[in-house]
Each structure stands twice: as C-alpha cells, then as structure tokens.
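# Structural overview
The residues making up each chain are set out below.
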Amino acid sequence: MLGAPADLLSLLYGVAAVYTLWQLRSRWRALIDAEYTAEDSNLAGRAGFLLLTPLGVLLHELAHMVAATLLGGRDISLHFRFYWGFVQYRGQIGPTAEWIVASAGPGMSLLLGLLAGYGALRMRQPWRDIGMSFAHATLLLDLVLYPGMSVMEAVGDFRWIYSARTPTLSMVAGVVHVAGLIAYIVLAVLQARQTKRERRQELTAQFAGQQVTLRPEVVERLRLLEMAERVRPLERSEREELNALLELRAWSEEHNRTVAPGTLPDSSAADGEPQP
C-alpha cells in the first residue's frame, strides 16, 4: 500500500495524534499520578503509537538515505509522510549495495523496536506503556506486516532484501529476521509475566493477611466459560475473560495458602472481591 492510500491513512493517524495530544495536555497530571487507571493505560498506548511512530519512520528513512549516500547513490531524496515514507536515488550501485540500502531501514526499525521494548520493561507507568506501544507497533510492522506486504504487492524493502540476485545476503537476512521474531516473542512473554506479577502484588497488598473467597457469580461465570471451552471455540473476549478468571482463581488459592488457617475474610474481601 503506497501513494494515495498510505497518505490517507497517515492523515487519519494525524487527526488521531492531534486528538491524543489534546488529551495528554488536559489529562497529564492524572496520567503521571500514583493511581494508574485503565483509561491512563489506553491514553499512554495511543501516545506511544501515534506520537512516536513518526520518529521511528523518520529514522527508518534516514538509515536508507545514509546508506545510499555512503554507497555512491546520486540525487538522493527523502520523502517523509509522518506514518510512512520512502527514499529515492539514482545510479547503478550494484546488487550488494542495493541490498545494504534496502536493509538499512528495516534494520534500524528492528533496533529501535527492541531497544524501546526492552527498555520500557524497566520503566514505571505511564512510560512503560508508551514505550511498549511504540515497540509493538514498530516490531509488528517491521517483522510481519511489511515483509508480507512486500511479498503480496511486490513493493517495499523486502523485495530487495530477499532477492534472488543476492542469495547469500538473503540467507543472512533470514537468520536476522528469525532472530528478531524470537526476540519479539520473548519481549511479549516478559511483558505478560511482568503484568501478571504486578497484578498479583496489587491483590496481595489489598488483601494482606486475609483469606479470600471468590464471589459466587464469579465462580459460576468461570464454570460456564470452562464448559463452553470444551464444546466450542471461544470468542476472543471470552478467551480473555476466561484467562483473567483462571488467573484470579490461581492467585486466590496461592494467597490463601500463605495466610494463617482460620483467618476469615472481612466484609471488603468477601463482598468486594476484585474483578479482573
């Protein structure tokens, strides 16, 4: 997807980015205070994607431009459309040099995405969600969507990266590509574990020293979802709800084993059991 469709998509993203900037200005204090809500997480995620992606696109295209300059390209021009772009140059620089120029952009995006993602894991909120949103968008595009688009529509960097003219270099690219996918999967797993661990810590602090009991309607909903899973594929929302309830049940069982037997839940724990 290039030309007018990509420009239209960039325009829509730009409108969303302006709205996100307005929200950041009006909700900044609430975003960075001690209470980090689901609304804060949504805003941080949109900020990471809509506001940082243009920077990632620019660095991607600058990597192409620098490589083309160093390898003898002439009349080099960079076209930056915020959420997409391209570099043009003239001159016969040879298959190997063309491969390097084509690889420079995706290589830069891969590096940016991994640095942002693994760096975000060490940050507090909202910076973690901002960094992770940018990392997911960058890596998903660089490792999955952009290569797929190059194969299906015969456009973009990956038609040169995986070219029959440079078989050895294409094999190198394949190894790096697979390594990047593995690093991305590891990043996603680490993020999920961190989220799970922090959620458990919040619940443990909330019900410190108390036995907890899941409300009857929660237990019944979990039973119904488990029964449904046995007879049909669950919808995505049902799968997410089931996973959340299973995690809540697992936490409650683990928590109760650490609390002295006979310690009854108080009214807040019995009647106000946290919902996932």
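Provided above is the structure to which this section pertains.
Note that the structure is predicted; figures quoted are calculated from it, not measured.

### A few points about the overall build of the protein chain
In terms of helices and strands, the protein chain carries nine helices and two strands. Judged by the C-alpha coordinates and their principal axes, the protein chain covers about 80 × 45 × 30 Å. Looking at the 276 residues of the protein chain, the share that counts as buried comes to 39%. Here the contacts in the protein chain between residues at least 6 apart in sequence split such that 68% fall between residues at least 24 apart. Where the 26 positive side-chain charges of the protein chain centre and where its 28 negative ones centre are 4 Å apart.

### What about helix α6 (residues 167-206)?
Taking 1.5 Å as the rise per residue, α6 with 40 residues should run 58 Å; its terminal C-alpha atoms sit 59 Å apart, in good agreement. Listed as buried for α6 are Ser170, Ala173, His177, Gly180, Ala183, Tyr184, Leu187, Gln191, Gln194, Arg200 and Leu203.

### Some details on the packing of aromatic side chains
What the rule picks out here adds up to nine aromatic pairs. Between Phe207 and Trp251, the aromatic rings sit 6.3 Å apart at their centres with planes inclined by 55°, giving tilted as the arrangement. Taken together, the positions of Phe207 in the loop between α6 and α7 (216-231) and Trp251 in helix α8 (residues 236-258) put the pair 44 residues apart, joining distant regions of the chain. For Phe207, a relative accessible area of 1% gives the class buried. Members of the aromatic cluster, joined through ring pairs, are Tyr13, Phe49 and Tyr83.

### Examining the pattern of salt bridges
Two side chains carrying opposite charge are able to pair once their charged atoms lie near each other. For the structure on display, the rule yields 17 salt bridges. Between Asp7 and Arg81 there is a salt bridge; the shortest N-O distance is 3.2 Å. Highlighted residues: Asp7 in helix α1 (residues 4-32) and Arg81 in the loop between β1 (74-80) and β2 (85-90), separated in sequence by 74 residues. Measuring nitrogen to oxygen at the nearest pair gives 2.5 Å for the salt bridge that ties Arg200 to Glu247. Here the residue Arg200 occupies a position in helix α6, and Glu247 occupies one in helix α8, the gap between them amounting to 47 residues. As far as burial versus exposure is concerned, Arg200 and Glu247 are alike and both buried. One salt-bridge network, held together by shared partners, links Lys196, Arg200, Glu247 and Glu254.

### Description of the packing of α1 against helix α2 (residues 38-70)
Two elements in contact, α1 and α2, have axes whose closest approach is 9 Å; the angle formed by their N-to-C orientations is 135°. In this view, α1 runs oblique relative to α2, as classed from their interaxial angle. As α1 runs across α2, the sense of the crossing is left-handed. Residue-level contacts link Tyr13, Ala16, Ala17, Tyr19, Thr20, Leu21, Gln23, Leu24, Arg27, Ala30 and Leu31 of α1 to Glu39, Asp40, Leu43, Ala44, Arg46, Ala47, Phe49, Leu50 and Leu51 of α2. Taken together, the residues of the contact of α1 with α2 break down into 14 nonpolar, two polar and four charged.

Thresholds, definitions, all that
Here the residue index of a chain counts from 1 through its sequence in written order. Local features in this predicted model are restricted to residues of pLDDT 70 or higher, and side-chain atom pairs are both shown and tallied only at a pLDDT of 80 or more, whereas totals for entire chains, interfaces and linings draw on every residue. Derived side-chain values reflect all non-hydrogen atoms in the structure, with water molecules and hydrogen atoms excluded from consideration. Each helix is a run of H or I in the DSSP string that is no shorter than four residues. Each strand is a run of E no shorter than two, and both are numbered from the N terminus. In this scheme, a residue with accessible area under 20% of its type's maximum is buried, one over 50% is exposed, and one in between is partly exposed, where area comes from a 1.4 Å probe on protein chains only. Whether two residues are in contact is decided by their heavy atoms, any of which lying within 4.5 Å being enough. Residues scored as charged are limited to Lys and Arg (positive) and Asp and Glu (negative), so that His and the chain ends carry no count. The location of each charge is read from NZ of Lys, CZ of Arg, CG of Asp or CD of Glu. Every helix has an expected span of 1.5 Å times one less than the residues it contains. In summary, the pairing rule links any two rings of Phe, Tyr or Trp, Trp by its six-membered ring, whose centres are within 6.5 Å, and it sorts them by plane angle into stacked for under 30 degrees, edge-to-face for over 60 and tilted for everything else. Any Lys or Arg side-chain nitrogen found within 4 Å of a carboxyl oxygen on Asp or Glu counts as a salt bridge. Orientation is described by axes fitted as lines to C-alpha atoms, over the contacting stretch for helices, and by angles from 0 to 180 degrees between their N-to-C directions. Between 65 and 115 degrees an angle is taken as roughly perpendicular, under 35 as roughly parallel, over 145 as roughly antiparallel, and anywhere else as oblique. Crossing handedness is defined as follows: a turn of the near helix away from the far one that is anticlockwise and smaller than a right angle gives a left-handed crossing, while the clockwise case is right-handed. The nonpolar class holds Ala, Val, Leu, Ile, Met, Phe, Trp, Tyr, Cys and Pro. Asp, Glu, Lys and Arg form the charged class, and all remaining residues, Gly among them, are polar.

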